[in-house]
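# Close look at the chain arrangement
Here are the chains, one letter per residue:
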Amino acid sequence: METSQDVYSEILYSTVKFRVTGTQLIFYAVIFLVLVLLIKIKLNTIRYEKFAAKISGPPAYPIIGSLLEFIRTPKELTKHLTEICETYGPEPFKIWFGCSLAVILTKPEDIQAILTSPNALEKAYMYKCLKVGVGEGLVTAPVEKWKKQRRMLTPAFCSDNMKKLFFPTVKEKTDILIKNLNKEVGNTQPFNMLEYISDAVFSTLTQTTIGFNLDVVSKQGTDLKQSVLKAMQLVAVRAYSPWLYPEIIYSIYCKFTGYESVFKQLHTLPVYMIRKAKEQRKMGDKPVIVNDDNDSVENKKKRLKVFLDILLELREAGENLTDEDIKYQLATILSTGYESTTITVSFCLLLLAMHQDIQDKVYDEIYSVFGDSDEECTIDNINKLVYLKQVFRETLRLFPPAPVILRELQSDVQIFSGNYMIPKGTTCIIAPMNTHHRPELYPNHRSFNPDNFSPENIAKRHKYSFIPFSGGPRGCIGEKYATMNMTVILATVVRNFSLHTDMKLSDVKLKIDLAARSAQGYPVTIRPRNRRKTT
Ligand code: HEM
């Protein structure tokens, strides 16, 4: 018979046993917490799973989703993503990034539904990587802040303002470009066109944005240009390395690697120019606007109005803009405008070098507008270069510089395909190249055919089948500026030189990080033109 002594020993034994297994207690607690976490994740993902079950996508596993598919070098990743898109597109398809759902959209109708939806204006988490360089400027600002900024800045980017900011500067910059390119005449070895174009684009951008007449070979010039490039590379490293996403880890990484100074360098010149412009305004030295090419020489010599002045004027008119906000807007414009324009112009010149017949047609058009004269580019004469615009649109179709546009849905959004309702919180991925290379939209989609952008062919296609500048309310605010700049640079180069290369379109390999560029550079040789029609 069991005595009370035995019962006591049993209890004591079990307590001792319980004490002995204290580590097990921790183990059970961890298991419990993990279970709670898993249940929470499951509850959070149920509504995504319901939608995800309706569409296809690469294999996904619990918790990690399809992440294994993406552990590759950037080069392999690009190839793999293309294969995935070919396998599952053009219908909307899913990718599980861990427990987060992303939907890849290729059809113009679906892209339009997302880019024009008021519930798809938020940028995806990855854009946070940019904040270290451009703060909460237009590209990265959360929706509510972005709405105010966009309303405030849109008039500054209107054609009229762009024209006034741009044309007084552009002649000087293109003259320098032609002088520099002349050094390559007679050289039988191909050179990388991008090196020349990048200087012209960057110095035009800094002059029109912060009013700094940048000599790109000066120390300040190279420092700023290098800091923009380096900052973008560092942001790309982070974007492709999710372990660097947490702010604290990234700031430690930047401190240890000395990269912190790159972002400081990016802001040095804009901060200096803000201070200088403020002092000048205090002293009553307001910038002038050159209204047209016939404006007085005296007026042309004065300090020209630039984008920074527009921001300061907005502040004086009562807009809530701190020096910090202005600094970040300027850094945003320098970073977003520079590489995209440089890559597009370089690609366009390389493609013209590959396609002599198209280059002749472009030159003949330029000749029909300018003849033998040394007439400067103006808004009126560049507007007549209709075929040239078709050519750079076709360049942007084949090689859009922005590899992806990412949006996070703030509410459920209905798309065209299957009338699907994509749930709130999903990341929508739009890859312009994916859409631009659909054979049903562009027959012979792998060749360079500017006729794709003849008015008749444009009319036949959906508006969102061409999206290098994104679209809708959060599309590129600098499209007009970029178009003007690209037209002037391209017209000036082709007017002065013929371009040649041994490279073929099929040789082009892309290197993709924050932008998609040619991995082999843009190798061309040039010969002077003798200013007469080609035929
Ligand atoms: C060929 C030249 C260019 C291309 C292909 C291009 C393309 C784009 C794209 C695709 C976006 C949307 C990004 C996204 O949603 O993730 C964008 C936004 C933007 N771009 Fe451009 N861009 C070009 C030139 C420029 C220039 C020259 C400027 C400035 C002068 C500029 C300023 C901006 C700004 C500020 C935004 C953010 C707009 C917003 O969120 O409201 N871009 N651009």
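Once a new chain begins, its residue numbering starts again from 1 and follows that chain's sequence as written. It should be noted that, the model being predicted, local features are given only for residues of pLDDT at least 70 and side-chain atom pairs only at 80 or more, the latter also being counted only at that level, while totals for whole chains, interfaces and linings use all residues. Hydrogens and water molecules were not included; the side-chain quantities draw on all heavy atoms of the structure.

- Taken verbatim from the UniProt record of the protein, the Cofactor (unreviewed entry) comment is "heme". UniProt positions are given in the numbering used here, feature names are shortened, and annotations may be inferred rather than shown by experiment.

## Quick notes on the packing of helix H8 (residues 193-210) against helix H20 (residues 479-496)
- Orientation is described by lines fitted to C-alpha atoms, with helices fitted over the stretch in contact, and by angles between N-to-C directions that extend from 0 to 180 degrees. A run of H or I in DSSP counts as a helix once it spans at least four residues, and a run of E counts as a strand once it spans at least two, with each numbered from the N terminus. One can describe the packing of H8 onto H20 by two numbers: an axis separation of 12 Å at closest approach and a directional angle of 135 degrees. Between H8 and H20, the angle is such that the two are oblique. For the crossing formed where H8 meets H20, the hand is right-handed. Of the residues in H20, those touching H8 at Met 193, Ile 197, Ala 200, Val 201, Thr 204, Leu 205 and Thr 208 are Tyr 481, Asn 485, Ile 489 and Val 493. Our angle categories are set so that under 35 degrees counts as roughly parallel, over 145 as roughly antiparallel, 65 to 115 as roughly perpendicular, and the remainder as oblique. Note on convention: the crossing is left-handed when the near helix lies turned anticlockwise from the far helix by less than a right angle, right-handed when the turn is clockwise. Two residues qualify as a contact provided that any one of their heavy atoms is within 4.5 Å of a heavy atom in the partner residue.

## Some thoughts on the sheet that holds strand E4 (residues 191-192)
- A pair of strands is considered paired only if DSSP assigns at least 2 bridges between the two. What the three strands build is an open sheet, ordered E4-E12-E9; its pairing is antiparallel. Only two strands of the sheet have a single neighbouring strand rather than two, namely E4 and strand E9 (497-500).
- Pairing of E9 with strand E12 (residues 523-528), which is carried by four bridges, proceeds in the antiparallel orientation. Across the sheet, Leu 499 pairs through a bridge with Ile 526, a residue of E12.
- Strands in contact with H20 are E9 and E12; relative to E9, the strand with the most contacts, it is inclined by about 95 degrees.

## Observations concerning the coordination of the iron atom of the ligand
- We call an atom a donor if it is N, O or S and sits within 2.8 Å of the metal, or 3.2 Å for Na, K and Ca. Water is not counted, so some sites may look partial. In this structure, the iron atom of the ligand receives exactly one donor atom from the protein: Cys 476 (SG), at 2.3 Å.
- Along the chain, the position of Cys 476 falls in the loop between helix H19 (455-460) and H20.

## Remarks on the layout of surface pockets
- The definitions used throughout rest on a 1 Å grid laid over the protein atoms alone, on which a cavity is an enclosed set of points accommodating a 1.4 Å probe that cannot get out and a pocket is an open set flanked by protein within 12 Å on both sides along at least five of seven lines; lining residues are those having an atom within 4 Å of a point. Grid points are joined across faces, edges and corners, and a volume is the space filled by probe spheres set on the points. For the second largest pocket, the calculated volume is near 870 Å³.
- Arg 393, Lys 463, Phe 469, Glu 479 and Thr 483 are, among the 34 residues lining the second largest pocket, the residues nearest its centre.
- Those elements giving two or more residues to the lining of the second largest pocket turn out to be helix H16 (379-383), helix H17 (386-398) and H20.

## Points about the side chain of Thr 435
- Within the secondary structure, Thr 435 sits in helix H18 (residues 432-436).
- A polar atom in the side chain of Thr 435 sits 2.8 Å from the backbone oxygen of Thr 106.
- In contact with Thr 435, other than residues within four places in its own chain, are Thr 106, Ile 111, Leu 441, Tyr 442, Tyr 464, Ser 465 and Ile 467. Polar contact is the term for a pair of N or O atoms within 3.5 Å; when the atoms are in protein, one must be able to donate a hydrogen and the other to accept it, and sequence-neighboring residues count only if both atoms are side-chain atoms.

## Remarks on the packing of helix H15 (residues 356-370) against H17
- Between H15 and H17, whose axes approach to 8 Å, the crossing angle comes to 145 degrees. Listed contacts from H17 to Ile 358, Lys 361, Val 362 and Glu 365 of H15 are Val 386, Tyr 387, Leu 388 and Val 391.
- Among the residues making up the contact of H15 with H17, the classes are represented as six nonpolar, no polar and two charged. Residue classes follow a fixed rule: Ala, Val, Leu, Ile, Met, Phe, Trp, Tyr, Cys and Pro count as nonpolar, while Asp, Glu, Lys and Arg count as charged, and any other residue, Gly among them, counts as polar.

## Describing the nonpolar core
- The definition of a nonpolar core used throughout is a set of buried Ala, Val, Leu, Ile, Met, Phe, Trp, Tyr and Cys residues joined through side-chain atoms within 4.5 Å. Buried, partly exposed and exposed residues are distinguished by accessible area as a fraction of the type maximum, computed with a 1.4 Å probe on protein chains only: under 20%, between the cut-offs, and over 50%, respectively. Counting residues in hydrophobic clusters, the biggest one holds 128 residues, and the most contacted among them are Leu 181, Met 193, Phe 307, Leu 308, Leu 349, Val 362 and Val 493.
- Apart from residues no more than four positions distant in its own chain, Leu 181 is found in contact with Phe 191, Met 193, Tyr 196, Val 493, Phe 497 and Ile 526.
- Formed by 23 residues, the second largest nonpolar core is a distinct cluster that contains Ile 55, Ala 120, Tyr 420 and Tyr 464.

## Let's talk about the packing of aromatic side chains
- Two rings from Phe, Tyr or Trp (for Trp, the six-membered ring) form a pair when their centres are within 6.5 Å of each other. A pair whose planes differ by under 30 degrees is stacked, one over 60 is edge-to-face, and the rest are tilted. Taken as a whole and assessed by the stated rule, the structure comprises twelve aromatic pairs.
- Aromatic pair Tyr 442 and Phe 453: ring centres 6.2 Å apart, planes at 35 degrees, arrangement tilted. Within this pair, whereas Tyr 442 is found in the loop between H18 and H19, its partner Phe 453 is found in the loop between H18 and H19, the two being separated by eleven residues in sequence. One exposure class covers both Tyr 442 and Phe 453, and it is buried.
- It is Arg 47 that lies over the ring of Tyr 48; its NZ or CZ is 5.7 Å from the centre.
- When the NZ atom of lysine or the CZ atom of arginine is within 6 Å of a ring's centre and also within 35 degrees of its normal, the charge is said to sit over that ring. Lying over the aromatic face of Phe 453, Arg 461 brings its terminal NZ or CZ to 5.0 Å of the ring centre.

## Topic: the sheet that holds strand E1 (residues 93-97)
- Ordered in space as E1-E2-E8-E5-E3, the five strands form an open sheet in which the pairing is mixed. In the strand order of this sheet, the two ends are held by E1 and strand E3 (122-123), each with one partner.
- Strands strand E2 (100-105), strand E5 (405-408) and strand E8 (427-430) of the sheet are contacted by helix H4 (residues 108-115), whose axis makes an angle of about 130 degrees with E8.

## Focus on the pattern of salt bridges
- The working definition used for a salt bridge is a side-chain nitrogen of Lys or Arg within 4 Å of a carboxyl oxygen of Asp or Glu. Scanning the model with the defined rule gives 17 salt bridges in all.
- Among the ionic pairs, Glu 394 bridges to Arg 397, the shortest N-O distance being 2.9 Å. Highlighted residues: Glu 394 and Arg 397, both in helix H17, separated by three residues, approximately one helical turn. Accessibility classification places Glu 394 together with Arg 397 in one group, the buried group.

## Points about the pairing of E5
- Two strands pair when backbone bridges link them, and E3 and E5 are joined in this way by two bridges, in the antiparallel orientation. Note that in E5 the partner of Lys 123 across the bridge is Arg 407.
- In the sheet, E5 pairs with E8 via four bridges, with the strands oriented antiparallel. The residue bridging Glu 408 from the neighbouring strand is Thr 427, located in E8.

## With respect to the pairing of E1
- A large share of E1 lies buried, amounting to four of its five residues.
- Across five bridges, the pairing between E1 and E2 is antiparallel. Bridge assignment links Phe 97 to a residue of E2, and that residue is Ser 100.
- The hairpin turn running from E1 into E2, its antiparallel successor, is two residues long, and Gly 98 in that turn takes a positive phi close to 65 degrees.

## Some points on the UniProt feature "binding site: heme" (unreviewed entry) in the protein
- Per the UniProt entry, the sites bearing "binding site: heme" (unreviewed entry) are Cys 476 in this numbering.
- Taking relative accessible area as the criterion, Cys 476 reaches 36% and is therefore assigned partly exposed.
- Not counting residues within four places of it along the chain, the set of residues in contact with Cys 476 comprises Arg 150 and Phe 469.

## So, the environment of Leu 351
- Its location among the elements puts Leu 351 in helix H14 (residues 323-354).
- Of the residues examined, Leu 351 reaches a relative accessible area of 1% and is grouped as buried.
- Among all residues touching Leu 351, those that are not within four sequence positions of it are Thr 395, Phe 399, Phe 448 and Leu 505.

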